[in-house]
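# Observations on chain architecture
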Amino acid sequence: MLVFNDSRTIRIFSSAVQCLRIIAYASQQAFVLKCSHSGGVHTKPRLEYKFPDMSPYDWYRFLISENVDIDAVGAQYRPGYLSSEPNNLAQNSVPSLIQVTKTFDRFAALGKRVHITEFELPSRQLPEMKKYGTLNWNETVQAAYVEGFYTLMFSKPTADSIVWWFISSAMPNFDDNNGPRPFERGTSSLTPKASYYTLKNLIMNHWSSRGAEYTDTDGTLKFSGFGGEYLLTVTHDGLTKKANIRVRDGVSMSYRIKFDRAGILGEQAAELSRLRGQAETILQELDRIWKWSDTINERKATEIRRQLDVLIALNHDLQYERVIELGETLIDNPFQMKLSGLLSDFDGFAPIASDPRGDTAATVLPGTDLAFLYAFADFSSLYIGIAVLGDHPNKNLTYTTEIEVHSPRFPHGQTFHAAISRNGAEGSCWEEPWREGGIYFQCTYAIGEILEIRVSLELLKMPETIYLNRFFVWQETSRQVFDEYDGRPVEIPNLRNFNATTTQVEETTTTLTSTTSTKSTQTVAGAFGESWMLYVAAICVLAIVAAAAYRLRNKSWWSRKGR
Ligand SMILES: [Ca+2]
Ligand SMILES: [Ca+2]
């Protein structure tokens with residue numbers, strides 16, 4: 001699908017219109033347009049991020065009048081967004097919903113689907129912002145406006161989606177000051193605001209349809225509900241079948257669901273087998289993680305072992321879904337690392353590198369004498385902790401670590417810098433030396449008694465070996481380095497390249513597998529055999545007719561969350 005998203009698109013010169021080729025819709029913000037000369041000779045594809053000379057509305061009208069084949073138009077709505085440009089201060093106010101509905105209808109009249117590709121709203125009043133009427137912006141006002149705005153958009157037949165900008169990001173953003181998200185961002189956590197609960201209530205309780213009914217004697221059931229995806233659970237004589245159906249906006253539809261007892265039993269056996277296999281894989285991986293954890297943090301390894309034993313017990317009780325759910329959480333963060341800026345976050349870990357005391361540069365600032373560095377990489381993240389003498393890192397300085405990763409993607413090694421900078425306002429990681437197109441991303445971080453950075457291994461392309469080359473503290477304005485670690489590079493303990501090779505592993509795994517298989521095979525096979533004989537002819541046909549009641553919508557957010 002092609003979507004155009006407001007003014008931040010591409011400058012079009014009238015002479016180039018006839019050679020316009022839209023080749024990709026890349027993201028919410030960026031578009032790739034390819035131009036060729038009218039003679040058909042293709043020039044290099046060009047990316048331009050210039051503001052067009054016309055308003056977004058005129059821009060869309062222009063594209064449509066030129067018969068550019070687009071499916072939808074996008075609109076960014078981030079009122080209250082803080083602009084420091086004097087001629088842009090109008091953005092610092094939030095339009096009333098009356099204005100919003102008028103503006104929306106004007107775009108809707110273009111005849112294309114409409115996506116609100118960016119939305120955010122203040123939850124704090126700042127001096128440079130206009131009030132909302134007589135009201136100061138706060139979390140209550142934010143929640144009330146959110147309820148009105150989302151309800152308004154839900155009522156618009158043309159509206160297809162809303163993206164709350166950076167809704168779930170734990171990363172700092174430059175417009176954080178007025179609290180534009182439904183979460184308060186901590187350095188390692190998100191605390192929901194009233195607007196989060198308002199939105200959840202709208203989506204889950206008001207815009208989701210749920211209910212339970214009996215079919216009639218023909219096996220037919222009719223219901224009305226919002227457009228979107230439904231999960232149906234059909235129960236008959238002790239057996240349950242689940243089915244997904246999709247209901248389109250404002251259209252009556254009918255589905256025929258075959259309730260075949262033998263087929264259902266077969267599906268259940270296959271599902272159970274799949275879950276058992278998945279649970280076993282997870283337990284084996286956790287066994288490997290436990291052995292690995294014992295090599296770098298014995299105290300926390302004991303806790304991992306305890307949790308693993310709980311999961312093994314659940315597995316013996318055939319609670320595979322629970323094993324998978326809890327196991328995946330444990331695999332994702334086996335040491336239960338919290339970035340709270342406290343030295344205790346790295347309890348039980350030994351530093352992988354240390355730097356001498358009293359070796360800072362002549363100008364002595366507090367928090368500049370590097371002391372220790374902790375680091376390890378579990379399945380999903382690389383954790384780095386830097387301790388300074390006195391346990392008070394200086395927030396005004398930049399703390400940079402240089403890491404080197406090796407993987408099939410980087411067979412000869414690639415250097416990255418992970419740093420906390422900008423007065424403690426940014427944690428980021430990037431390829432070094434930086435070049436256009438290199439990898440750059442923000443990291444979750446914390447500063448307190450200790451500096452902590454969590455680096456996503458996915459963004460580092462899943463390295464197999466990671467080295468710490470150096471770390472240093474410096475001032476970006478003066479380029480002065482206060483202290484640095486100039487010892488030898490150290491390999492960072494990495495779960496990915498840990499091989500549990502002892503025979504004990506094999507024994508443990510084998511025991512686990514055979515016990516589980518025996519139990520579940522008996523249960524399932526027994527039930528299947530009996531049922532096959534008794535109920536093979538028991539077929540029930542259930543027809544579902546979904547009709548439009550109110551405005552039946554086909555909301556993408558509903559589709560995702562409405563089950
Ligand atoms: Ca030092
Ligand atoms: Ca040093």
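Notes on the structure in this doc start here. (Residues numbered from 1 in each chain as written. Chains lettered and ligands numbered in written order. Predicted model: local features only at pLDDT ≥ 70, side-chain atom pairs only at ≥ 80, totals over all residues. Heavy atoms only, no water.)

## Structural notes on the coordination of the calcium ion (ligand 1)
When a metal holds four donors in a tetrahedron, each ideal angle between them is 109.5 degrees; when it holds six in an octahedron, the ideal angles are 90 or 180 degrees. Coordination of the calcium ion (ligand 1) by the protein comes from Asp355 (OD), Pro356 (O), Asp359 (OD), Asp369 (OD), Leu370 (O) and Asp483 (OD), over a distance range of 2.3 to 2.5 Å. Here the calcium ion (ligand 1) is ringed by six donor atoms whose angles at the metal span 77 to 171 degrees, and the overall shape comes out octahedral. In this structure, the calcium ion (ligand 1) is positioned 4.1 Å from the calcium ion (ligand 2), and both are ligated by Asp355. In this structure Asp355 comes out as buried when scored by relative accessible area, which is 8%. (Donors = N, O, S within 2.8 Å, 3.2 Å for Na, K, Ca; no water. Tetrahedral: all angles 85-135°; square planar, octahedral: opposite > 155°, others 65-115°. Buried < 20%, exposed > 50% of the residue type's maximum accessible area, 1.4 Å probe, protein only.)

## Brief notes about the sheet that holds strand 14 (residues 370–377)
Spatial strand order, 13-14-15-21-20: five strands in an open sheet with antiparallel pairing. Pairing within the sheet leaves two strands with one partner each, and these edge strands are strand 13 (353–354) and strand 20 (444–447). As judged from the six bridges shared by strand 15 (residues 381–388) and strand 21 (residues 451–456), these two strands associate in the antiparallel manner. Its bridge partner lying in strand 21, Gly385 is registered against Glu452. (Pairing = 2+ DSSP bridges. Helix = DSSP H or I, 4+ residues; strand = E, 2+ residues; numbered from the N terminus.)

## A closer look at the pattern of salt bridges
Side chains that carry opposite charge are capable of pairing whenever their charged atoms lie near each other. Applying the stated criterion to the full structure yields 20 salt bridges. The partner of Glu184 in a salt bridge is Arg124, with the nearest N and O atoms 3.1 Å apart. Here the residue Glu184 occupies a position in strand 7 (residues 183–185), and Arg124 occupies one in the loop between strand 5 (113–119) and helix 3 (139–154), the gap between them amounting to 60 residues. Among the residues examined, Arg124 registers a relative accessible area of 30% and is labelled partly exposed. (Salt bridge = Lys/Arg side-chain N within 4 Å of Asp/Glu carboxyl O.)

## Description of the coordination of the calcium ion (ligand 2)
Listed as protein donors to the calcium ion (ligand 2) are Asp355 (OD), Asp355 (OD), Asp359 (OD), Asp483 (OD) and Glu484 (O); their distances from the metal cover 2.2 to 2.6 Å. Donor residues for the calcium ion (ligand 2) sit on one chain with the sequence pattern D-x3-D-x123-D-E. Asp483 gets classed as buried once you look at its relative accessible area, which sits at 3%.

## Observations regarding the nonpolar core
Nonpolar side chains in soluble globular proteins generally cluster together in the buried interior. The biggest cluster of nonpolar side chains holds 38 residues, and the ones touching the most others in it are Tyr77, Ile116, Phe119, Tyr145, Phe149, Tyr150 and Met153. Elements with a contribution of two residues or more to this core: helix 1 (56–65), strand 4 (72–77), helix 2 (97–108), strand 5, helix 3, strand 6 (159–164) and helix 4 (194–206). It is helix 3 that contributes the most residues to this core, eight residues altogether. Setting aside chain neighbours within four positions, we find Phe149 in contact with Tyr77, Leu97, Val100, Ile116, Phe119 and Ile162. (Core = buried A, V, L, I, M, F, W, Y, C linked by side-chain atoms within 4.5 Å. Contact = heavy atoms within 4.5 Å.)

## Digging into the packing of helix 2 against helix 3
Two elements in contact, helix 2 and helix 3, have axes whose closest approach is 11 Å; the angle formed by their N-to-C orientations is 25 degrees. In terms of orientation, helix 2 lies roughly parallel with respect to helix 3. Considering how the two elements wind past one another, helix 2 and helix 3 form a crossing that is right-handed. On helix 3, the residues touching Leu97, Val100, Thr101 and Phe104 of helix 2 are Tyr145, Gly148, Phe149, Leu152 and Met153. For the contact of helix 2 with helix 3, a count of residues per class yields seven nonpolar, two polar and no charged. (Axes fitted to C-alpha atoms, helices over the stretch in contact; angles between N-to-C directions. Parallel < 35°, antiparallel > 145°, perpendicular 65-115°, else oblique. Left-handed = near helix turned anticlockwise from the far one by under 90°. Nonpolar A, V, L, I, M, F, W, Y, C, P; charged D, E, K, R; others polar.)

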